Amino acid sequence: GGMAVTFLNAAGMPTGASAVETERLDFARQVLERARRGSIKVHLPKDVVIADSFDAGAKTVKQVAVEDVPEGFFIMDVGEATALEFSKELAKCKTIIWNGPMGVFEMERFSHGTRTVANAIAGLKNVTTVVGGGSTAEAVEALGLVQKMTHVSTGGGASLEFMEGKEL
């Protein structure tokens, strides 16, 4: 989703016309560097679905490698390979904390990544799954998967702060 765009930009990838949280770029670079130094893999999209406008009726929609996002295009979803890779990696987990859809799932054309990952998570056994955030909770509910998650909360930022140990 949107957070990935900022991390992709921080990693030197082109992000076209997509919104980048410029005030968070240094933080994203620090996270990526700390992960690299600690030999921790950060899973970022390898392919994305792009559109020539941030609109459900965009005229041009295509899937490209992250290094091939052209100027003027918006990253709207993760690509098929990324959705499958994320699903495969999540299958190795015992606890999953999910905050933020994979793309602009509210627009049907750009909901595939979120649907793929949500269904993969819902199909896991013996895994604690915590879904936090209004958009993510909305996606899980729209897909009829709420009962297959351990906990679903509309409080995304609050959920993360609670897990950090902050008093709410």
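Residues numbered from 1 in each chain as written. Predicted model: local features only at pLDDT ≥ 70, side-chain atom pairs only at ≥ 80, totals over all residues. Heavy atoms only, no water.

Draft legend 1. Quick peek at the overall build of the chain. The secondary structure content of the chain amounts to 6 helices and 6 strands. Secondary structure elements of the chain, listed N to C terminal, follow the sequence α-α-β-β-β-α-β-α-β-α-β-α. Against the 2.2 N^0.38 benchmark of 15 Å for 168 residues, the chain shows a C-alpha radius of gyration of 16 Å, consistent with a compact globule. C-alpha atoms of the chain, sized along the principal axes, occupy 40 × 40 × 30 Å. A sequence separation of at least 24 residues applies to 56% of the contacts in the chain between residues at least 6 apart. Here the chain displays about 9,500 Å² of accessible surface, and carbon together with sulfur accounts for 53% of that area. Averaging the coordinates of the 17 positive side-chain charges in the chain and doing the same for the 21 negative ones gives two points 7 Å apart. (Helix = DSSP H or I, 4+ residues; strand = E, 2+ residues; numbered from the N terminus. Rg over C-alpha atoms; globule rule 2.2 N^0.38 Å. Contact = heavy atoms within 4.5 Å. Areas by Shrake-Rupley, 256 points an atom, 1.4 Å probe, with all protein chains shown as cover. Lys, Arg positive; Asp, Glu negative; His and termini not counted. Charge placed at Lys NZ, Arg CZ, Asp CG, Glu CD.)

Draft legend 2. Structural context of the packing of aromatic side chains. One pass over the structure, following the stated rule, counts 1 aromatic pair. When the centroid spacing of 6.0 Å and the interplanar angle of 75° are considered together, the rings of Phe54 and Phe74 count as edge-to-face. Residue Phe54 is located in the loop between strand 1 (47–51) and strand 2 (61–65), and its partner Phe74 is located in strand 3 (residues 74–78); the two are separated by 20 residues in the primary sequence. We classify Phe74 as partly exposed; its relative accessible area is 21%. (Phe/Tyr/Trp six-rings, centres within 6.5 Å; stacked < 30°, edge-to-face > 60°. Buried < 20%, exposed > 50% of the residue type's maximum accessible area, 1.4 Å probe, protein only.)

Draft legend 3. Structural detail: the sheet that holds strand 1. In spatial order, the strands read 2-1-3; together these 3 strands make up an open sheet with antiparallel pairing. Here the strands that pair on one side only, and so sit at the sheet edges, are strand 2 and strand 3. Across this sheet, the average inter-strand angle for adjacent strands is 40°, counted without regard to direction. Pairing between strand 1 and strand 3: 4 bridges, direction antiparallel. (Pairing = 2+ DSSP bridges. Axes fitted to C-alpha atoms, helices over the stretch in contact; angles between N-to-C directions.)

Draft legend 4. A look at a nonpolar patch on the surface. Together, Ile97, Leu160, Phe162 and Met163 line one region of the surface with nonpolar side chains, adding up to about 390 Å² of accessible area. With 3 residues, helix 6 (residues 156–164) is the single largest residue contributor to the nonpolar patch. The residue Ile97 is located in strand 4 (residues 95–98) in this model. (Patch = residues over 30% accessible without salt bridge, like charges linked within 9 Å, V, L, I, M, F, W, Y side chains within 5 Å. Salt bridge = Lys/Arg side-chain N within 4 Å of Asp/Glu carboxyl O.)

Remember that the coordinates give geometry; whether it matters functionally is a separate question.
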